[in-house]
Amino acid sequence: MKLGVVLRAENLIREKEFRHNRVVTPYGPVDRIFSGALHGVETHFLYGRFPGRRTPSWEIPYQANQSAFDELDVDHQIGTFVVGGVDKAVRGGDLVVPHDLISFSGPGISLPPRDNRFSNAHVVPAFCPLLRSLLLRGARETGTAVHESGVYFNFYGFARIETDAELSLMEKLGVRLVGQTLDPEFTLARLRRRHYAAIAVAIDSYHDMRNEAEQDPDVFRARSRQAIADGREHFERIIEAGLATLGDAPAEECGCARVATGNHRDMFSSFPEDLL
């Protein structure tokens with residue numbers, strides 16, 4: 001396993017003396033990689049999805065980020081997220097390990113296939129069951145309460161939060177979380193057949209979102225910033241503890257990297273020469 005984690009993991013980077021790594025990709029340099037080892041696992045932290053300043057989700061350099069993991073031969077990836085809670089059971093500050101994703105549309109970006117043959121990403125199940133198990137074991141080992149399942153609704157890139165009607169629709173669909181950044185990161189990682197899982201912290205709850213106008217914006221912002229800070233610390237401890245349990249985990253196959261082999265005719269090939 002070579003693990004890539006999208007997380008501002010300040011504590012682990014300092015404690016484990018991870019080295020700063022600059023990776024040059026076809027989409028530009030990525031200069032916020034920190035590389036080292038956790039419990040014998042080569043680990044690379046991408047210190048935030050966007051470089052330097054807060055960026056709208058549609059401007060995040062997803063292709064450069066995934067290409068940096070390509071250059072580092074990362075084959076397992078964990079994404080960490082800040083989200084809103086849709087399910088009434090999720091309150092501000094809660095952690096969730098989602099098990100599925102709804103993502104209908106969004107940025108039209110991709111990565112060129114490594115073998116020169118395009119194929120759709122296999123996304124059933126959406127998230128790697130073995131990486132999800134690692135996160136859940138880490139949560140149990142550290143005594144951290146998490147919601148062990150949930151559907152993440154990817155709400156693309158608009159410079160606003162969700163309307164009441166949108167929240168009602170998500171609730172009817174059985175959604176637990178809403179955010180803007182899981183996809184296309186997820187799709188690009190799966191196009192590379194990387195094992196992928198996610199963990200998220202909710203900064204607000206169902207009630208908070210439906211009563212935004214009643215909230216003191218300064219109090220709400222302070223509470224949200226604290227939830228993010230606490231969430232990042234929990235993410236670090238959970239991931240480290242989960243990696244420490246790898247030797248105890250049963251040997252299983254998840255199928256995330258499975259791909260068709262053999263001499264199969266390409267259904268997208270050009271016209272036969274005798275028809276030209």
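Note that the structure is predicted; figures quoted are calculated from it, not measured.

Caption draft 1: Structural view of the overall build of the chain. Helix and strand counts for the chain stand at 7 helices and 10 strands. By residue count, 47% of the 276 residues in the chain fall in the buried class. Here the analysis covers contacts within the chain between residues at least 6 apart in sequence; of these, 81% occur between residues at least 24 apart. Accessible area for the chain stands at about 14,800 Å²; split by element, carbon and sulfur atoms hold 50% of it.

Caption draft 2: Region of interest: the pairing of strand 1 (residues 2-6). Burial analysis of strand 1 places 4 of its 5 residues in the buried class, the great majority of the element. Pairing between strand 1 and strand 4 (residues 41-46): 5 bridges, direction parallel. Opposite Val 5, over in strand 4, you have Phe 45 as the bridge partner. In this structure, strand 1 lies alongside strand 5 (residues 76-85), joined through 4 bridges in parallel fashion. Within strand 5, the residue paired with Gly 4 across the bridge is Gln 77.

Caption draft 3: Up close: the packing of aromatic side chains. Taken as a whole and assessed by the stated rule, the structure comprises 7 aromatic pairs. An angle of 65° between the planes, with centres 5.5 Å apart, marks the rings of Phe 127 and Phe 186 as edge-to-face. Of this pair, Phe 127 sits in the loop between strand 7 (100-102) and helix 3 (129-142) while Phe 186 sits in helix 5 (residues 185-191); the two residues are 59 residues apart in sequence, bridging distant segments of the chain. Relative accessible area serves as the criterion here: at 2%, Phe 127 is assigned to the buried category. Aromatic side chains Phe 186 and Tyr 196 sit 5.8 Å apart centroid to centroid with 75° between the ring planes, which places their arrangement in the edge-to-face category. Placement of the pair is Phe 186 in helix 5 and Tyr 196 in strand 10 (residues 195-204), with a sequence separation of 10 residues. You'll find Phe 186 and Tyr 196 in the same group, each marked buried.

Caption draft 4: Up close: the layout of surface pockets. The volume enclosed by the largest pocket comes to roughly 1,700 Å³. Around the largest pocket sit 48 residues that line it, and Arg 54, Val 82, Val 83, Ile 203 and Ile 228 are the ones nearest its centre. At the level of elements, helix 1 (10-15), strand 5, strand 9 (177-179), strand 10, helix 6 (206-210) and helix 7 (217-244) are the ones that each hand at least two residues to the lining of the largest pocket. At 12 residues, the largest contribution of residues to the lining of the largest pocket is made by helix 7. Grouping the constituent residues of the lining of the largest pocket by class yields 21 nonpolar, 13 polar and 14 charged.

Caption draft 5: Region of the structure containing the nonpolar core. With 31 residues, the main nonpolar core has Phe 45 and Leu 135 as its most contacted residues. Those elements that provide at least two residues to this core are strand 1, helix 1, strand 3 (28-38), strand 4, helix 3, strand 10 and helix 7. Of the residues forming this core, the biggest block, 5 residues, is contributed by helix 3. In contact with Leu 135, other than residues within four places in its own chain, are Ile 78, Val 97, Ala 197, Ala 198, Ile 199, Ile 238 and Ile 239.

Caption draft 6: How the structure looks around helix 3. Here helix 3 contains 14 residues, and its C-alpha end-to-end distance of 20 Å stays within 8% of the 20 Å for a straight helix at 1.5 Å per residue. The inward-facing, buried residues of helix 3 contact strand 5, strand 10 and helix 7. At the C-terminal side of helix 3, Gly 143 shows a positive phi close to 70°.

Caption draft 7: Broad picture of empty space enclosed by the protein. In the structure shown here, the tally under the stated rule is 1 cavity of 30 Å³ or more. In this structure, the largest cavity encloses a volume near 30 Å³. The wall of the largest cavity is formed by His 122, Val 124, Pro 125, Phe 127, Cys 128, Pro 129, Arg 190, Cys 254, Gly 255 and Cys 256. Across the lining of the largest cavity, the residue classes tally to 7 nonpolar, 2 polar and 1 charged.

Each value, and the rule that gives it
Residues numbered from 1 in each chain as written. Predicted model: local features only at pLDDT ≥ 70, side-chain atom pairs only at ≥ 80, totals over all residues. Heavy atoms only, no water. Helix = DSSP H or I, 4+ residues; strand = E, 2+ residues; numbered from the N terminus. Buried < 20%, exposed > 50% of the residue type's maximum accessible area, 1.4 Å probe, protein only. Contact = heavy atoms within 4.5 Å. Areas by Shrake-Rupley, 256 points an atom, 1.4 Å probe, with all protein chains shown as cover. Pairing = 2+ DSSP bridges. Phe/Tyr/Trp six-rings, centres within 6.5 Å; stacked < 30°, edge-to-face > 60°. 1 Å grid on protein atoms, 1.4 Å probe; cavity = no way out; pocket = protein on both sides within 12 Å on 5 of 7 lines; lining within 4 Å. Points joined across faces, edges and corners; volume = space filled by probe spheres on them. Nonpolar A, V, L, I, M, F, W, Y, C, P; charged D, E, K, R; others polar. Core = buried A, V, L, I, M, F, W, Y, C linked by side-chain atoms within 4.5 Å. Expected span 1.5 Å × (residues − 1).

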